[in-house]
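Chain residues, written in single-letter form:
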Amino acid sequence: MKNSSRALLAVILLAGFPVLVLAIIAALVALEIYAFQDRPAIGLRLAIIVVPVVYVLLQALFTIERSGDDEVSGLPVTPEAQPELWALVHELADAVGTRPPDEIYLVPQVNASVEEQTRWLGLRVKRRRLFIGAQLFAGLRTDQFRSVLGHELAHYSNRDTRFGGTTYRGRQTIGRVVNGLNGSTWFGHMLRKLFHAYAKLYFAVSMRVSRDRELAADAAAARVAGTAAASSALREVEALDVVWRFFLNTYATMGWKAGYLPARLAEGYLHLLADGGRAEEIDKVRRNPPKHKTSPYDSHPPTLERIALLEAAPVVPVAEGGERPATEILREAAKTLDATLLTGLSTEARRKKPTDWPTLVDAATRHQFSENATKILRGRSPHDLLDALDAGRLDDVADPGLKVPTGAGARARRELLGQSVRERLSTVVVSELATAGLAHWTLSWSGPAELALDEPYDKALDPALDAAVTGDTAGLRALLPAAEPDPIRS
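Nothing here was measured: the structure is a model prediction, and the numbers come from that model.

Chemist: An account of the layout of surface pockets is needed here, citing residue identities and associated values.
Modeler: Space left empty within the atom packing is revealed by a probe, the size of a water molecule, rolled over the atoms. Put simply, the second largest pocket is a space of about 220 Å³. Around the second largest pocket, the lining residues are M254, A364, T365, Q368, F369, S426, T427, V430, W441, A449 and L451. Sorting the residues of the lining of the second largest pocket by element identifies α14 (357-377) and α16 (410-435) as the ones contributing at least two each. Classifying every residue of the lining of the second largest pocket by side-chain character gives seven nonpolar, four polar and no charged.

Chemist: Tell me about the pairing of strand β7 (residues 439-442), residues and numbers included.
Modeler: Residue alternation in β7 divides its side chains into a buried set, A439 and W441, and an unburied set, H440 and T442. Note: β7 against strand β8 (residues 450-453), four bridges, orientation antiparallel. The residue of β8 that forms the bridge with A439 is L453.

Chemist: Before we move on, could you go through the packing of helix α8 (residues 227-252) against helix α11 (residues 303-312) and cite the residues and values that matter?
Modeler: Axis separation between α8 and α11 bottoms out at 9 Å; the angle between their running directions is 170 degrees. One element, α8, and the other, α11, form an angle in the roughly antiparallel class. Of α11, the residues touching α8 (which contributes T227, A230, S231, L234, R235 and E238) are T303, L304, R306, I307, L310 and E311. Residues belonging to the contact of α8 with α11 are distributed by class as follows: five nonpolar, three polar and four charged.

Chemist: I'd like to hear about the side chain of R306, residue by residue, with values.
Modeler: For R306, the position within the fold is in helix α11. Residue R306 is classed as buried on the basis of its relative accessible area of 9%. Ignoring anything within four residues of it in the chain, the contact list for R306 reads H151, E214, L215, D218, L234, H300 and P301.

Chemist: Please provide a residue-by-residue account of the packing of α8 against helix α9 (residues 265-274), values included.
Modeler: Close contact between α8 and α9 brings their axes to 10 Å; oriented N to C, the two are set at 120 degrees. Of the possible angle classes, the one that applies to α8 and α9 is oblique. Of the two elements, α8 crosses α9, and the hand of that crossing is right-handed. Seen from α8, the contacting residues are L240, V243, W244, F246, F247, Y251 and A252; seen from α9, they are L265, G268, Y269, L272 and L273.

Chemist: How would you explain the confidence of the model for the protein if you had to name every residue and give the values?
Modeler: The pLDDT averaged across the protein works out to 84; a share of 81% of its residues lies at or above 70. Across the protein, helix α4 (residues 134-139) holds the top mean pLDDT of 97, while helix α6 (residues 164-180) sits lowest at 58. Overall, residues 161-166 carries pLDDT values under 50, and its contacts beyond four positions in sequence, including any with other chains, amount to 18 contacts. Throughout residues 486-490 the model reports pLDDT below 50, and contacts reaching past four residues in sequence, or to other chains, amount to 10 contacts.

Chemist: Any details on the nonpolar core? Residues and values, ideally.
Modeler: Within soluble globular proteins, side chains that are nonpolar generally end up buried alongside one another. If you look at the biggest cluster of nonpolar residues, it comprises 55 residues, and the most contacted ones within it are L85, I132, L136, F145 and F247. In terms of residues, this core owes the most to one element, α8, which gives nine residues. Setting aside residues no more than four positions away along its own chain, F247 makes contact with A252, L265, G268, Y269, L272, W357 and W445. The next biggest cluster of nonpolar side chains, apart from the first, holds 32 residues, and it includes V421, L433, L438 and L453.

Chemist: Please set out the packing of aromatic side chains residue by residue, giving values where relevant.
Modeler: Using the criterion set out here, one finds 10 aromatic pairs in the structure. A ring pair is formed by F246 and Y251, whose centres lie 6.2 Å apart and whose planes are at 70 degrees; its orientation type is edge-to-face. According to the relative accessible area criterion, F246 is partly exposed, its value standing at 33%. Of the residues examined, Y251 reaches a relative accessible area of 4% and is grouped as buried. Here W357 and W445 contribute two aromatic rings whose centre-to-centre distance is 5.1 Å and whose plane-to-plane angle is 65 degrees, an arrangement assigned as edge-to-face. Residue W357 is found in helix α14, and its partner W445 is found in the loop between β7 and β8; the two are separated by 88 residues along the sequence.

Chemist: How would you sum up the pattern of salt bridges? Please name residues and give values.
Modeler: Following the criterion strictly, the structure yields 21 salt bridges and no others. Measuring nitrogen to oxygen at the nearest pair gives 3.1 Å for the salt bridge that ties R141 to D143. The exposure class assigned to D143 is buried, which follows from its relative accessible area of 7%. The salt bridge involving D466 is made with R422; its shortest N-O contact spans 2.7 Å. Here D466, found in helix α17 (residues 457-469), pairs with R422, found in helix α16; they are 44 residues apart in sequence, far enough to count as distant. One connected set of salt bridges, linked through shared partners, spans E103, E115, R127 and R129.

Scoring rules and cut-offs
- By convention here, each chain's residues receive numbers from 1 onward along its written sequence.
- At least 70 in pLDDT is required for a residue's local features to be given in this predicted model, at least 80 for side-chain atom pairs to be given and counted, and no such filter applies to totals for whole chains, interfaces and linings, which use all residues.
- Water and hydrogen atoms play no part in the side-chain values, which are based on all heavy atoms of the structure.
- Cavity: a set of points on a 1 Å grid over the protein atoms alone where a 1.4 Å probe fits but cannot get out. Pocket: an open set with protein on both sides within 12 Å along at least five of seven lines, its lining residues, like those of a cavity, having an atom within 4 Å of a point.
- Grid points are joined across faces, edges and corners, and a volume is the space filled by probe spheres set on the points.
- Per the convention used, a helix needs a DSSP run of H or I reaching at least four residues, while a strand needs a run of E reaching at least two, with both numbered from the N terminus.
- Put simply, Ala, Val, Leu, Ile, Met, Phe, Trp, Tyr, Cys and Pro go in the nonpolar bin, Asp, Glu, Lys and Arg in the charged bin, and everything else, Gly too, in the polar bin.
- Residue burial is assigned from relative accessible area. The probe radius is 1.4 Å, only protein chains are included, and a residue is buried under 20% of its type maximum, exposed over 50%, and partly exposed in between.
- In this description, strands pair whenever DSSP reports at least two bridges between them.
- For helices, the fitted axis covers only the stretch in contact; all axes are lines through C-alpha atoms, and the angles between them, taken along N-to-C directions, range from 0 to 180 degrees.
- Each angle gets one of four labels, with under 35 degrees taken as roughly parallel, over 145 as roughly antiparallel, 65 to 115 as roughly perpendicular, and the rest as oblique.
- Only heavy atoms matter for contacts: two residues are in contact if any of them lie within 4.5 Å across the pair.
- Handedness of a crossing follows from how the near helix is turned relative to the far one, being left-handed for an anticlockwise turn of less than a right angle and right-handed for a clockwise one.
- A residue's pLDDT is the confidence the predictor assigns to it, expressed on a 0 to 100 scale.
- Joining through side-chain atoms within 4.5 Å is the link that ties buried Ala, Val, Leu, Ile, Met, Phe, Trp, Tyr and Cys residues into a set, and such a set is a nonpolar core.
- Stacked, edge-to-face and tilted labels apply to pairs of Phe, Tyr and Trp rings (six-membered ring for Trp) whose centres lie within 6.5 Å, assigned for plane angles under 30 degrees, over 60, and everything in between, in that order.
- Salt bridges are defined as contacts in which a side-chain nitrogen from Lys or Arg sits within 4 Å of a carboxyl oxygen from Asp or Glu.

Structure representation (structure tokens):
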């Protein structure tokens, strides 16, 4: 089936869904009227089944046309605030043969997209919007960025977006109808099967159309930015997404329990992307993009398939100067990207105290050590743990989950429990030193935060821990009294 035929069939199916819904509603209402006139008792019993069904169907009918115009998130950017970005968008829109968007929003997602606000199932266009992820500015070169924008604007030139919002809402609506109908009765089961069959046909046709249009947009991206830029952009976006999720889980939210949040999210993300210690990991993702779970109804072909098709097509050379970072397109890039990423914060996140990255890492790690030490101590003092070691009760200090075979001798017990005892003692003592202001943690973008101890603790702690495990706790006892609480840090 040709692309135009599929697209026409998708539109017909979409337009036919309200007709199907109205026909079923009309039949149910007519059945109810007939039942009430002829046999009211049966009409009442039938209404128990019919009324919920009609409610679900009417709700679905009104959902299709609802556009949600006021639900736009992100940071709006005007031509006056970002003239270079708007100039680039106008240039690329002209290159792919379409009218530029009316509005541009920067968003806190590793993605770019376009939409058209429409009425009458897409027949009347109200406005066009372009959404650009802040992470794309942070991680792409200019030529790759041109490719991403060219791809999105090409959706306008193909009129992919004209029915895009309605098509998406149609998919959601049909799914809600199928899930909302009660299949426990024969009537509900019959309707579910009907709409399920309709949904499968609609999804199959619309997804095939969407995939064809994605590939057409990829080809347009290569024409305006170059083949190498288009294929490398696909790899880079996958890598940026992986790094962003790692950044959020490992760095951005590390101070959450301590009540802190980084004041400059974009700065941290840029540092992580540029870190030499992470370069090999990031490059591995570029070379081998993650294989996402797919289904026959996915709107995008797999990334590797898209790359292969681009590289198999005639090569379009990349223009000179494209190696510059995409951040150069923005005025006050760091400030703009930070403002964009802040739009994605939840209400709870906004209650956290914003702070610089070094303070965040130190406070977050100290809080984590303090929590772990509290669990280890269980209401005891550090000296109580040392008293237990002096008495040979390693079980009182070691991880309670460790089991020692019955009848094991003192040496065997020490070997089995020694590592756990040392690690737990270290956590408690370092927490005490940090509370006293004698230990802190420094930021590393290449790995975990690095512990720094004041003198003489930096040299004395490890030998004292080793000695304590063997039964000599004098060294640790000598260190602990100096760890008086620091009123500023505690």
